[in-house]
Amino acid sequence: AEDSTINFGEPLDNKSTSTAEQTARNERNAGNCFLSVVHRLAASKSVSARVSACSLGPVLWNHLDFPRQLQLRGVITRALHDVDVGVRKATAAVVHEISEMLFDRRAVPWTVLMVERSMTDPEPQLRAAAMTLTWHLAEHLPNAFLGDASKGSLSIRRLPPRTDPTFMDVYLLQCKLLPVASNLAEDRIASVRLSVAAQCDRLCTALGEHWFSVIIDLLQALLSDRDDRVRSEAILCMPRLVESVISGASEDKSVSVLESLLPQALKMQKDASVLVRSSLATATGELLVFLVGLGGAGGSLSPPPSPGHGGVNIDEIGSYKYYKKHVDQTLIPLLQKLLQDTNPDVTSASLRAVTNASRSGARDRSGIPSCSHKPDVDDDLVSLASHQSHTSIDRTKPVFIPVLSEEQVLRLLPTLSNLATSTQWRVRQSAVEIVPALLGCTYRLETRNEISKLCINLMSDKVDTVRKTAAECFCLGGSSLARHGEDDGGEWITKIVVPHLRICSQSEDSKQRLLSLKMIDIIITNGLCPSKVSDPASSPSSFSSTEESPLRMLLDIASSRASDNVANVRLNVGRVLGSVLFLLDRSDVDYVVSVLEKQLEEETSKANGGDRDVVYFAQQALASRSLRRLESR
């Protein structure tokens, strides 16, 4: 009975009809009754009914033969001309879905016509959506000529080669789609032009190498748009377009994209809009990461093997020099100028770009280049204090790899030093927050010593937040060095951090003494201090049994403040030692307990029993030690 209803009541006689004939009739008549429903809904005066009629299109499309598809196309065409803008918007979404299901070349001209109709719609949102329709249809065009696309976007195929008989068919249809993007780029409404600027890279990937030069010219025009939002979006699209072109073009065209777009980008550093200059800084950082990845295979720009060692491609050496030239002569100087911008928003965006470029993750460039911004990169302008609660002793191996070379880092240091003297405390804070990332690009102790001066100078800042951030970055820099295979930055801690830590602990300023205790807490809690090795022969770099370990050095510095003349410093001794007590071995625990007991005895012997807070934190630390003993039993 159900089969009879679906097939317009045609009786099913199983005795006289074979299974093959029944299947053929089902496929021929499938969806017919629903077509009548679609027609009735489309003729309704209700807006919801007309929207529902269009929404059934993608559901029925693959179940209809070509004559009945023509009927459905008529319904969709009328809906795209509907007087209600809501119906037209819903219809545009339907056309977007149907474009993924094109496996019959006879339906392609109609789909292109729908895109052209959206381009001329009076509603700006629909015209902006026409840009999405354009690249989406261009992406699926080869499917209509090369096979079944019933799996949707999962079966996307590339443009066929010139020798293929279907190449000219696809090419001619692309010739109709490209003017849609060109006309939208000249639209009188800025939001429409913004849509084009944001999706030029997708159109570039969809159309293929034959149209690269046209789309590059299109983006160039948008970079000079009269609206600052359009220029901002266009400059953000630039690194994605460069990636699409270089990944999918021959050598000559991949070179031309940089030669065409970078001069335009250099002009924008003097743009009157803060939004545009901030976007320029972001785009420069992304392009820097991409080009360095091409030149150095994902790491810092290390030259390819010399020609005498075999397996060397001369073209690779040429491209390495070409990309390195743009990094050294264009992108690094551009970032330096943006770092000196008078607006703090531009400066902050430039600092973020330098930080992300200094510690960029390895990118998988296989297949189609990624065009989306990944949200898994930390916002480097957020104070590291907000990340303190997320740190752990069981630290995993860093997933970042250095991008900037050591020489490029040294070139940026004078500019960053100037930012550290800015009158705006947020700029000074941002300038020091990139220290851990920069350290990951260095190998020489001399360079690291120069970078450390950024932190050391700002640890005496008049703003408490800047001082704390500088201290955190100064200590956490050792974790960035672990990516080079060092002993968790042991050299950084012992030769740079500990000497300055002693100076802070002996300062006449109580704020500096408090800061030294905070630094000890950060180092020990994050496991950044190399511990004493019991067997000296096990490691050539281990400490001898008679030599004081760096961890004991830190504990000595903290204990030296147990009798400080400022109560706030004394109570922080108990608080810090109590927080790290569970991380120490037995000998260090005994040492800390003796220090706390001595402090407690001295404090309680004072008049009126001493400071209550100092006594409280010392007792809490000793109590935590007793609790640890009970748990170990």
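Residues numbered from 1 in each chain as written. Predicted model: local features only at pLDDT ≥ 70, side-chain atom pairs only at ≥ 80, totals over all residues. Heavy atoms only, no water.

## Let's talk about the overall build of the chain
Then step 1. Secondary structure summary: the chain contains 29 helices and zero strands in total.
Then step 2. Burial analysis of the chain (633 residues in total) assigns 49% to the buried set.
Then step 3. Pairs at least 24 residues apart make up 70% of the contacts formed inside the chain by residues separated by at least 6 positions.
Then step 4. A total accessible area of about 29400 Å² is found for the chain, and carbon and sulfur atoms account for 53% of it. (Helix = DSSP H or I, 4+ residues; strand = E, 2+ residues; numbered from the N terminus. Buried < 20%, exposed > 50% of the residue type's maximum accessible area, 1.4 Å probe, protein only. Contact = heavy atoms within 4.5 Å. Areas by Shrake-Rupley, 256 points an atom, 1.4 Å probe, with all protein chains shown as cover.)

## Observations concerning unusual backbone geometry
Then step 1. In the Ramachandran plot, N608 falls in the positive-phi region, its phi being about 65° despite a non-glycine side chain.
Then step 2. Mapped onto the elements of the fold, N608 is located in the loop between α28 (586–604) and α29 (612–632).
Then step 3. Note on N608: relative accessible area 82%, which makes it exposed.

## As for the environment of A272
Then step 1. You can see A272 is positioned in the loop between α15 (251–267) and α16 (274–296).
Then step 2. For A272, a relative accessible area of 77% corresponds to the exposed category.
Then step 3. Here the alpha-carbon distance between A272 and D228, two residues 44 residues apart in the chain, equals 8.8 Å.

## Remarks on the confidence of the model for the chain
Then step 1. On average, the chain scores 77 in pLDDT, and the residues at 70 or more come to 74%.
Then step 2. Ranking the elements of the chain by mean pLDDT puts helix α1 (residues 2–6) last, at 37, and helix α11 (residues 190–198) first, at 95.
Then step 3. Low pLDDT, under 50, characterises residues 1–17; the predicted model gives this stretch 21 contacts beyond four residues in sequence or across chains.
Then step 4. Note that residues 361–401 has pLDDT below 50 and, in this model, 69 contacts with residues that lie over four places away or in other chains. (pLDDT = per-residue confidence, 0-100.)

## Details of the pattern of salt bridges
Then step 1. A full pass over the atoms with the stated rule returns 20 salt bridges.
Then step 2. Shared partners join several salt bridges into a network, and the residues in it are R88, R117 and D121. (Salt bridge = Lys/Arg side-chain N within 4 Å of Asp/Glu carboxyl O.)

## Considerations on the nonpolar core
Then step 1. Counting residues in hydrophobic clusters, the biggest one holds 167 residues, and the most contacted among them are I215, V242, L258, L261, L288 and L291.
Then step 2. Setting aside residues up to four positions removed in sequence, I215 forms contacts with L178, C200, L203, C204, L207 and L241. (Core = buried A, V, L, I, M, F, W, Y, C linked by side-chain atoms within 4.5 Å.)

## Focus on the packing of helix α6 (residues 66–80) against helix α7 (residues 85–98)
Relative placement of two packed helices is described by the angle separating their axes and the distance separating the axes.
Then step 1. Packing of α6 against α7 leaves a shortest axis separation of 8 Å and a crossing angle of 140°. One finds that α6 runs oblique with respect to α7. When you trace α6 past α7, the crossing you get is left-handed. In contact with I76, A79 and L80 of α6, α7 contributes V87, R88, T91, A92, V94, V95 and I98.
Then step 2. The residue inventory of the contact of α6 with α7, partitioned by class, reads eight nonpolar, one polar and one charged. (Axes fitted to C-alpha atoms, helices over the stretch in contact; angles between N-to-C directions. Parallel < 35°, antiparallel > 145°, perpendicular 65-115°, else oblique. Left-handed = near helix turned anticlockwise from the far one by under 90°. Nonpolar A, V, L, I, M, F, W, Y, C, P; charged D, E, K, R; others polar.)

## Things to note about helix α13 (residues 212–223)
Residues spaced three or four apart along an α-helix face the same direction, because each turn holds 3.6 residues.
Then step 1. Its 12 residues give α13 an end-to-end C-alpha distance of 17 Å, which sits within 8% of 16 Å, the value for a rise of 1.5 Å per residue.
Then step 2. Among the residues of α13, those classed as buried are F212, I215, I216, L218, L219, L222 and L223. Buried residues in α13, looked at end-on, bunch into an arc of 155°, giving them a common side. (Expected span 1.5 Å × (residues − 1). Arc of directions from axis to C-beta.)

## Focus: the side chain of D328
Then step 1. In this structure, D328 sits in helix α17 (residues 314–339).
Then step 2. The buried category is assigned to D328, whose relative accessible area is 16%.
Then step 3. Once residues lying within four places of it in the same chain are set aside, the contact partners of D328 are P333, Q408 and R411.

## Focus on the packing of aromatic side chains
Then step 1. Evaluation of the coordinates by the stated rule reveals four aromatic pairs.
Then step 2. When the ring of W61 is compared with that of W110, the centres are 5.9 Å apart and the planes differ by 15°; the resulting orientation is stacked. With W61 in the loop between α5 (57–60) and α6 and W110 in helix α8 (residues 108–119), this residue pair connects regions lying 49 residues apart in the sequence. The burial state of W61 is the same as that of W110; both residues are buried.
Then step 3. With a centroid separation of 5.7 Å and an interplanar angle of 65°, the aromatic rings of F474 and W492 are classed as edge-to-face. With F474 in helix α23 (residues 464–481) and W492 in helix α24 (residues 490–505), the pair connects residues that are 18 residues apart, well separated along the chain. W492 shares its class with F474; the two are buried.
Then step 4. The ring of F66 has R106 sitting right over it, with the charged end atom 3.8 Å from the ring centre. (Phe/Tyr/Trp six-rings, centres within 6.5 Å; stacked < 30°, edge-to-face > 60°. Lys NZ or Arg CZ within 6 Å of the ring centre and 35° of its normal.)

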